[in-house]
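Residues per chain, in single letters:
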Amino acid sequence: MLLAAGLPACQNQAPQTEPAAQPPPRQAAPAAPPSAGTLAGLEQLGAAEAAVADSDWVLAQRLLSQVDADALNHPARKQFHQAALATALGLDDLPRAEAAWHSLAQGLEGHDQDASALRLLSELRQRQGRIREAVAALAGIKAPEQRLPAINNRLWRLTATVSPQQAAAWAEQGPAAAVWGLRAAVAQSPSTTEKDKRLEDWLSRHPRHSFAKALPEPLARLRHRPPPARRVGLFIPLTGPLAAAGRTVRDGFISAYLRDPAAAKPEVRIFDTASEPMAALLQAGRSTDIQFIVGPLSKPALESLMGLRPRMPVLALNYPRAPLRGDPKTPMDGDPPTPMRGDPPTPMRGDACGGGAQGRPEAGGGFAALGLAIEDEAALIAERLAADGRERVLVIRNGRSWAIRGTSQLARSWPHHLEQHAFDNIKTLTESVGEALQVASSQARHDELAQALGTPLEFLPRARQDIDGIVAFVDHLQALALAPALKFHFAQALPVYASSQSVRGAGRLGDLEGFQVAELPFQLRPGPLRQAFSEAFEPRDANLTALFALGIDAYRLFDHWTLLSAGDPLRGATGTLRLGADGCVRRTLGWAAVRGGALSEVPGGPSN
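Caption draft 1: Quick look at the overall build of the protein chain. Helix and strand counts for the protein chain stand at 24 helices and 15 strands. In the protein chain, buried positions account for 47% of the 608 residues. Contacts in the protein chain between residues at least 24 apart in sequence constitute 65% of all its contacts with a sequence separation of at least 6. Here the protein chain displays about 30100 Å² of accessible surface, and carbon together with sulfur accounts for 53% of that area.

Spelled out as structure tokens, the structure:
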């Protein structure tokens, strides 16, 4: 018992052990200061980014070449590869830009949400012709609302570079399908009324899309466009030597007018420019309160009209030869007020259609000109030659003014070797082709060699080998003679690029197999207006088809008048139409090849 009682006492008297002291928290090792090389690299990178901001690409490339990217931390490496990508794009070095993008993408987590990286990627893909990927990159940017207008405007411009058919195919699935669906719907609508209806339908189905917050400028203009003119004057020749042409333009204009689904359409008054002086016609138009002029068709009539300085919008169907003198803004005495008053249109040069800024279509005024110029076809031929990698080109042309102008335009826009050879008439075409291909020189060299050796030689003449493409500015009958002439002179393997005149005629196209031509979309793509034209008119002169298409586009341009300067192309019957800074409406035609005796549109062409 004593022992038991003593045990607790012993326990109470035992010394208490103090709790073990906790070891002090381990201090993080101080970060190693950046090396001198790293600091130098950061300085060089900062200087390179400043050069990029100034678009001094050569300096930026030199500075970046001195940076050791592996010595940079992760954020700095991202900056380095981004600057390298921007610099390569600035220098148009696409292989280097692609390599820079891969380096940026591999080391950038979540780069699909990085706005600056995606903008650069979009530009790279656009330069590479990969438009679908360029659009997908821009559409993937998550940007604040104040930055949406610039992004959406660029996005919409990118979608305008492909055909409505291609846009419709990409609208089925894949990235940015909704945007492609809207582009296809708008591009395939010939009238502003139909465009507006399809836009409203799209917005109702995509209320959360960025376009619902910030519409691209062309679409915003479409929604808020002012009402069109209530009375239109169509100034064309209905009598005299140009009567057939004028009536065909009138028929195209009225056909497009009748197919416009707008509930309220303008009243159209037609004035025969061959019947009275232009001053009397303009006064008659003013007395009936017309507010818009379409025409005239001939250059003299157009220059006469512009000399009167009409105080209303004018859509000319030809190009003036020279600008007018004097102050175009001085009003004429006795000008009555009009509901659509604006500055009188400023005349422009029609010979080159490339002068400075001119009066442009706006609500209430302006001037624009649309014509069937061979220069548009020559520009497309040059684009196709470049796309196909041709460099040394031989032009074979007749002596008519349109062929001379087409050759001149091609020469102005072609940076490589170009020769031209003209022939006087179709009877001398075969001989002219032989001279151009230097087959006669080949025969002469053979004769000289045989005479020197004193013995006959086996010989087969051949065409020159330093030409890789032929451009033909010839009419249809001349084209039918050109094809066998090329074969006769051993040049049938050379590709032939031709204007639309070579395939417009009564002859069969089978003899022109392989010819590639610029042609009107109206000729290549069947539609209601084309079917109606074929059934009702069936003109003997195939060029009247082009005039009917001109009439269609005249109405469409009138309908889109206040939208033209927004920069969105208009898919027309004579081509894809874009308003230039000088007031000229440029056309990009369709591209086709003769296959199996018929014209077949080449997909993916510049106008598509």
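Caption draft 2: Broad picture of the packing of helix α4 (residues 74-90) against helix α6 (residues 115-127). In contact at an axis separation of 10 Å, α4 and α6 are set at 30° when each is read in the N-to-C sense. It follows that α4 is roughly parallel to α6 by the angle criterion. For the pair α4 and α6, the crossing hand works out as left-handed. In contact with Q82, L85, A86 and L89 of α4, α6 contributes S116, A117, L120, E123, L124 and R127.

Caption draft 3: Main features of the pattern of salt bridges. Per the counting criterion, the structure on display carries 21 salt bridges. A salt bridge links R183 to D568, with the shortest nitrogen-to-oxygen separation between them at 3.1 Å. A residue pair is termed long-range when its members are at least 10 positions apart, and R183 in helix α10 (residues 177-187) and D568 in the loop between α24 (543-559) and β11 (570-571) qualify at 385 residues. Residue R183 shares its accessibility class with D568, and that shared class is buried. With its nearest N and O atoms 3.5 Å apart, the salt bridge here joins D196 to R225. You can see D196 sitting in helix α11 (residues 192-205) and its partner R225 sitting in the loop between α13 (217-223) and β1 (231-236), a full 29 residues away along the chain. R225 gets classed as partly exposed once you look at its relative accessible area, which sits at 26%. Linked through salt bridges whose partners overlap, the residues forming this network are E98, R125, R130 and E133.

Caption draft 4: Molecular detail of the pairing of strand β6 (residues 393-397). Most of β6 is tucked away: five of the five residues are buried. Side-chain alternation along β6 places V393, V395 and R397 on one buried face and L394 and I396 on a second face that is also buried. Where β6 and strand β7 (residues 418-422) come together, five bridges link them in parallel fashion. Bridging across to β7, I396 finds its partner in H421. The parallel pair β6 and β7, bridged by helix α18 (residues 401-413), forms a crossover whose chirality is right-handed. Relative to strand β8 (residues 469-473), β6 runs parallel, the two being bridged by five bridges. Of the residues in β8, the one forming a bridge with L394 is I470.

Caption draft 5: The pairing of strand β2 (residues 267-272), seen in detail. As judged from the six bridges shared by β1 and β2, these two strands associate in the parallel manner. Across the sheet, G233 pairs through a bridge with R269, a residue of β2. Once you follow β1 into helix α14 (residues 243-259) and on to β2, the crossover reads as right-handed.

Caption draft 6: Layout of the nonpolar core. Core analysis: the largest hydrophobic core is formed by 58 residues, its most contacted members being V471, F473 and F522. If we ignore the near neighbours within four places in the chain, the residues touching F522 are L529, R530, F533, T545, F548, A549, I552 and A573.

Caption draft 7: Fine view of the environment of R223. For R223, the location among the structural elements is in helix α13. For R223, the residues in contact, after removing those within four places along its chain, are D196, L199, E200, L203 and L215. A polar contact of 2.8 Å, which involves the side chain of R223, links it to the side chain of E200.

Caption draft 8: View of the sheet that holds β2. Pairing is parallel across the open sheet formed by five strands, whose spatial order is β2-β1-β3-β4-β5. Of all the strands in the sheet, the pair left with one neighbour each is β2 and β5 (367-369). Pairwise comparison of adjacent strand axes, ignoring direction, gives a mean angle of 15° for this sheet. Those strands touched by α14 are β1, β2 and β3 (292-294), and its axis lies near 155° from that of β1. Against the sheet, helix α16 (residues 299-307) makes contact with β3, β4 (314-316) and β5, and its axis sits at roughly 160° relative to β4, the strand it touches most.

Caption draft 9: Layout of the environment of E194. Note that E194 resides in helix α11. For E194, a relative accessible area of 21% translates into the label partly exposed. Among all residues touching E194, those that are not within four sequence positions of it are S189 and P261.

Caption draft 10: Spotlight on unusual backbone geometry. Of the consecutive residues G295 and P296, the connecting peptide bond is found in the cis state with omega at 0°. Positive phi outside glycine occurs at D92, with the angle close to 60°. Locating D92 in the fold gives a position in the loop between α4 and α5 (94-106). Unlike most non-glycine residues, A176 shows phi in positive territory, near 60°. When you line up the elements, A176 lands in the loop between α9 (164-170) and α10. A relative accessible area of 18% means that A176 is categorised as buried.

Caption draft 11: Inspection of the environment of A264 at higher detail. Mapped onto the secondary structure, A264 falls in the loop between α14 and β2. Judged by its relative accessible area of 66%, A264 falls in the exposed class. Residues A264 and P227, spaced 37 residues apart in sequence, show a C-alpha to C-alpha distance of 9.9 Å.

Caption draft 12: Structural detail: the sheet that holds β7. Taking strand neighbours across the sheet as the criterion, the seven strands line up as β7-β6-β8-β9-β10-β14-β15 in an open arrangement whose pairing is mixed. Either end of the sheet is taken by a strand with one partner, and the two such strands are β7 and β15 (598-601). Taken over all neighbouring pairs, the strand axes of this sheet differ in orientation by 30° on average, direction set aside. On top of the sheet, helix α17 (residues 374-387) reaches β6, β8, β9 (496-498), β10 (516-519) and β14 (590-595); it is set at about 170° to β8, its chief contact.

Rules behind the numbers
- Residues numbered from 1 in each chain as written.
- Predicted model: local features only at pLDDT ≥ 70, side-chain atom pairs only at ≥ 80, totals over all residues.
- Heavy atoms only, no water.
- Helix = DSSP H or I, 4+ residues; strand = E, 2+ residues; numbered from the N terminus.
- Buried < 20%, exposed > 50% of the residue type's maximum accessible area, 1.4 Å probe, protein only.
- Contact = heavy atoms within 4.5 Å.
- Areas by Shrake-Rupley, 256 points an atom, 1.4 Å probe, with all protein chains shown as cover.
- Axes fitted to C-alpha atoms, helices over the stretch in contact; angles between N-to-C directions.
- Parallel < 35°, antiparallel > 145°, perpendicular 65-115°, else oblique.
- Left-handed = near helix turned anticlockwise from the far one by under 90°.
- Salt bridge = Lys/Arg side-chain N within 4 Å of Asp/Glu carboxyl O.
- Pairing = 2+ DSSP bridges.
- Right-handed = clockwise from strand over helix to strand, strands pointing away.
- Core = buried A, V, L, I, M, F, W, Y, C linked by side-chain atoms within 4.5 Å.
- Polar contact = N/O pair within 3.5 Å; in protein donor to acceptor, adjacent residues only side chain to side chain.

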